[in-house]
Amino acid sequence: MYAGIVQELIDELGRLPGIGPKSAQRIAFHIVQTEGFEVSNLARVLREVKERVKFCRNCGNISEEDLCSICVDPKRDTSKICVVEEAKDVAAIERTRQYRGLYHVLGGAISPIDGIGPDQLRIKQLLERLSDTSIEEVIIATDPNLEGEATAVFLSRTLSALPIRVSRIASGLPVGGDLEYADEVTLGRAFEGRRTVND
Amino acid sequence: MRISKIDLTNFRNYENASLDLDPGFTVLLGKNGQGKTNLIESVVWASNASSHRVSGTDPLIRVGADEAVLRIQCRQGERALTIAAQLNRNKPTVVMIGSHPAKLKDLVAAITTVVFAPEDLALVKGDPADRRNYLDVLASKIFPNYLATLTDYERAIRQRNSLLKTIRGNSENQTLDIWTEKIISLGAKTIEYRLQLVKQLLPYLEQSYQNIAGDNHHAGISYVSDIADAGEFSRDDLPTLQEISDLLSRALTNKAAQEIERGVTLAGPHRDDVFLSINSLPAKTHSSHGESWSMAISLRLAAAKLLKDGPLGDPVLILDDVFAELDVSRRERLAEAIKDFEQVLITTADPEDVPNVLRGTIVEIETGRIK
């Protein structure tokens, strides 16, 4: 335990995800000890980020405006919507630079243990967006775990009545890896999801 | 497979301990409460990612310490492998296999052990959960996908039970079907693995029971589940995955109203049991104390021999204070049945309890120190 304000700083830092007590202490001492450490800039950014950043009215992605930069981008393909659990999944898919369609962030996955059902996710908003007939495909990119799969099944059933192509991203082997090092479950999935190459 | 070295820091009552082990038989000798079982518990933990005595890791960390470290070196043929783990009081356990960070579940495939312990009597006389656990631990070693399937199944059960509790009395929930389907697909797969395992075990159990109790005795094992009539799961040709799915699906449909009322999932592998018989009579209700011990030991012995004949080879046998529970003839018969295994670790308070053929290296243990 350190005196007063320093301990308070360590405690606050320790509340952040991925930062344990040791790291919190290291960061706190860095801030306190390093000469010329410009702490006012960090403090300003922290305050402003909470003031300025909100969720896109349309897709639920993080944004500084009412609509996010993807929703307002005229170059995006508006016939496709990719459904993800969290805003950080949008960032991950954007890094591929392959997908040029729009997104829809659900805000989680169906998980009764955590009290999350369809009503707690942004599914109603998705259905509203889909009433726009220019949308041709919905790509479900929820996590390939139990809850993500359950959410994907729920979505595919809910959307089955609509005249829209619904697809699920593939799961299987990582690119650049060795087959022999893949775990059994992943390899099993890759076999289930195999495709024909000679047609 | 054999263990060549154990290093412990702050594990149970060991502040620091190191023990080199030879192939063959090693007797860990010490009075009660000195730490014999704690020593082999580290091997069991490294093999199953769980202890055979307690759940969780907190009891394994020495009182007053925040972390326990164990390093187990083993050899399979010419191949040497080191398993290291750091058990933390408030943080997740960190595991290394060889020089690579690994997940807890990877441990299950690294070292194979079969543990005989006084608690084994519960396999015969205890709850269905004890017998399911016996199948689950063994199936995890034999079928690489089993643990992942079971883990997902158990999580799906928790999810479905949570949902059932929140919708009490209202069957019009739009997501219940999805969880029911998950239960059916994961549950049927779990049952299919268990049926295969029980079928493979049966001849080994018959043989093992005769080894322990005598040639004119017959032991049986079959898988029982509410979802199928008695006998359905013990026929020669096992039901297909589709047939199991249909049975489970029907059982869940029949119990749907009751499930919504009670808020729990009432059919599936989490409620199944293993039926054990001795000379065609149910072992749980009809066996004497001695017969029950013969059955408990035979179940462990059958598991050890099944593993021995498989691709993993000889498991390390761990006999934790079991000779004290057995009469002289059962001791001798057990010793005879296990003397061909590559490595056997025995703990005892009294060396006289251990049959002569198994008295190999003797290691004395006193208050958390290896002499």
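Refer to the preceding data block for the structure.
Our subject in this report is the structure included herewith. (Residues numbered from 1 in each chain as written. Chains lettered and ligands numbered in written order. Predicted model: local features only at pLDDT ≥ 70, side-chain atom pairs only at ≥ 80, totals over all residues. Heavy atoms only, no water.)

1. Some points on the overall build of chain B
So, point 1. Counting its secondary structure elements, chain B contains 10 helices and 15 strands.
So, point 2. What you see for chain B is a C-alpha radius of gyration of 22 Å, in line with the 21 Å of a compact globule of 371 residues.
So, point 3. Taken along its principal axes, the extent of the C-alpha atoms in chain B is 65 × 55 × 35 Å.
So, point 4. For chain B, the proportion of its 371 residues judged to be buried stands at 53%.
So, point 5. Within chain B, contacts between residues separated by at least 24 positions form 70% of all contacts whose residues are at least 6 apart in sequence.
So, point 6. For chain B, the accessible surface area stands at approximately 16,300 Å², while carbon and sulfur atoms represent 47% of it.
So, point 7. Each charge sign in chain B was given a centre, from 43 positive and 50 negative side chains, and these centres are 4 Å apart. (Helix = DSSP H or I, 4+ residues; strand = E, 2+ residues; numbered from the N terminus. Rg over C-alpha atoms; globule rule 2.2 N^0.38 Å. Buried < 20%, exposed > 50% of the residue type's maximum accessible area, 1.4 Å probe, protein only. Contact = heavy atoms within 4.5 Å. Areas by Shrake-Rupley, 256 points an atom, 1.4 Å probe, with all protein chains shown as cover. Lys, Arg positive; Asp, Glu negative; His and termini not counted. Charge placed at Lys NZ, Arg CZ, Asp CG, Glu CD.)

2. As for the interface of chain B and chain A
So, point 1. Counting residues at the interface gives 17 residues for chain B, matched by 15 residues for chain A.
So, point 2. In total, about 1,500 Å² of surface goes out of reach between chain B and chain A, with carbon and sulfur atoms giving 65% of it.
So, point 3. Of all residues in chain B, Gln159, Ile178 and Trp179 of chain B bury the most surface against chain A, accounting for 32% of the area lost on that side.
So, point 4. Across the chain B-chain A interface, the total number found is 2 salt bridges. (Buried area = accessible area lost by both parts, 1.4 Å probe. Salt bridge = Lys/Arg side-chain N within 4 Å of Asp/Glu carboxyl O.)

3. Thoughts on the environment of Leu60 of chain B
Residue and element names in this part refer to chain B.
So, point 1. With respect to the helices and strands, the residue Leu60 is situated in the loop between α1 (36–48) and β4 (67–76).
So, point 2. Judged by its relative accessible area of 0%, Leu60 is buried.
So, point 3. Taking the C-alpha atoms as reference points, Leu60 and Pro203, separated by 143 residues in sequence, lie 37 Å from one another.
So, point 4. If sequence neighbours within four positions are ignored, Leu60 has contacts with Asn10, Phe11, Arg12, Glu41, Trp45, Ser51, Val54, Ala68 and Leu87.

4. Thoughts on the pattern of salt bridges
All names here are of chain B.
So, point 1. The final tally for this structure, using the stated rule, is 25 salt bridges over all chains.
So, point 2. Residues Asp136 and Arg194 are paired through a salt bridge, measuring 3.1 Å at the closest nitrogen-oxygen approach. Here Asp136 is found in helix α3 (residues 128–142), whereas its partner Arg194 is found in helix α5 (residues 176–213), with 58 residues between them in sequence.
So, point 3. For Asp136, a relative accessible area of 11% puts it in the buried group.
So, point 4. Close ionic contact of Lys189 with Glu192 constitutes a salt bridge, the shortest N to O distance being 3.0 Å. Within this pair, Lys189 and its partner Glu192 are both found in helix α5, separated by 3 residues, close to a single helical turn.
So, point 5. Since its relative accessible area comes to 27%, Lys189 is described here as partly exposed.

5. Quick notes on the state of the cysteines
So, point 1. This model, assessed by the stated rule, comprises 0 disulfides over all chains.
So, point 2. Counting only cysteine sulfurs, Cys59 of chain A is the nearest neighbor of Cys68 of chain A, a cysteine outside any disulfide, at a range of 3.6 Å. (Disulfide = S-S within 2.5 Å.)

6. Quick look at the packing of aromatic side chains
Any aromatic ring pair is given by two values, namely how distant the centres are and how the planes are angled relative to each other.
So, point 1. Enumeration over the complete set of coordinates arrives at 4 aromatic pairs over all chains.
So, point 2. Ring geometry for Tyr99 of chain A against Tyr103 of chain A: centres 5.3 Å apart, planes inclined by 70°, an arrangement best described as edge-to-face.
So, point 3. With 6.2 Å between their ring centres and 45° between their planes, Tyr223 of chain B and Phe233 of chain B make a pair best called tilted. Placement of Tyr223 of chain B in strand β9 (residues 219–224) and of Phe233 of chain B in the loop between β9 and α6 (241–254) is noted, with a sequence separation of 10 residues between them. (Phe/Tyr/Trp six-rings, centres within 6.5 Å; stacked < 30°, edge-to-face > 60°.)

7. Quick look at the environment of Phe55 of chain A
Residue and element names in this part refer to chain A.
So, point 1. With respect to the element layout, Phe55 can be found in strand β1 (residues 54–55).
So, point 2. Phe55 sits in the exposed class, given a relative accessible area of 61%.
So, point 3. Counting along the chain gives 11 residues from Phe55 to Asp66, while the straight-line C-alpha distance between them is 7.4 Å.
So, point 4. The contacts of Phe55, once residues within four sequence positions are left out, are Gly60, Asn61, Ile62 and Asp66.

8. Things to note about the sheet that holds strand β2 (residues 14–20) of chain B
Residues and elements named next belong to chain B.
So, point 1. Spatial strand order, β2-β1-β4-β5-β6-β7: 6 strands in an open sheet with antiparallel pairing. The sheet terminates laterally at β2 and β7 (100–102), the two strands that pair on one side only. Strand-to-strand twist in this sheet, taken as the mean axis angle between neighbours without regard to direction, amounts to 15°.
So, point 2. Pairing of β4 with strand β5 (residues 79–88), which is carried by 10 bridges, proceeds in the antiparallel orientation. Residue Arg75 lies in a different strand from β5, and its bridge partner there is Ala80.
So, point 3. Contacts between α1 and the sheet are confined to β1 (2–11), β2, β4 and β5, with β1 contributing the most and set at about 110° to the helix. (Pairing = 2+ DSSP bridges. Axes fitted to C-alpha atoms, helices over the stretch in contact; angles between N-to-C directions.)

9. Overview of the packing of helix α1 (residues 4–14) of chain A against helix α2 (residues 21–33) of chain A
Residue and element names in this part refer to chain A.
So, point 1. Direction vectors running N to C along α1 and α2 enclose 130°, while the axes themselves pass 8 Å from each other. One way to sum up the angle between α1 and α2 is to call them oblique. The crossing of α1 and α2 is right-handed. Residue-level inspection shows Leu9, Ile10, Leu13 and Gly14 of α1 in contact with α2, the latter providing Ala24, Gln25, Ile27, Ala28, Phe29 and Ile31.
So, point 2. Split by residue class, the contact of α1 with α2 holds 8 nonpolar, 2 polar and no charged. (Parallel < 35°, antiparallel > 145°, perpendicular 65-115°, else oblique. Left-handed = near helix turned anticlockwise from the far one by under 90°. Nonpolar A, V, L, I, M, F, W, Y, C, P; charged D, E, K, R; others polar.)

10. Topic: the packing of helix α4 (residues 146–166) of chain B against α5 of chain B
Residue and element names in this part refer to chain B.
So, point 1. Two elements in contact, α4 and α5, have axes whose closest approach is 9 Å; the angle formed by their N-to-C orientations is 150°. Crossing of α4 over α5 shows left-handed handedness. Residue-level contacts link Tyr146, Thr149, Leu150, Asp152, Tyr153, Ala156, Ile157, Gln159, Arg160, Leu163 and Leu164 of α4 to Leu176, Trp179, Thr180, Lys182, Ile183, Leu186, Gly187, Lys189, Thr190, Tyr193 and Arg194 of α5.
So, point 2. When its residues are assigned to classes, the contact of α4 with α5 shows 12 nonpolar, 5 polar and 5 charged.

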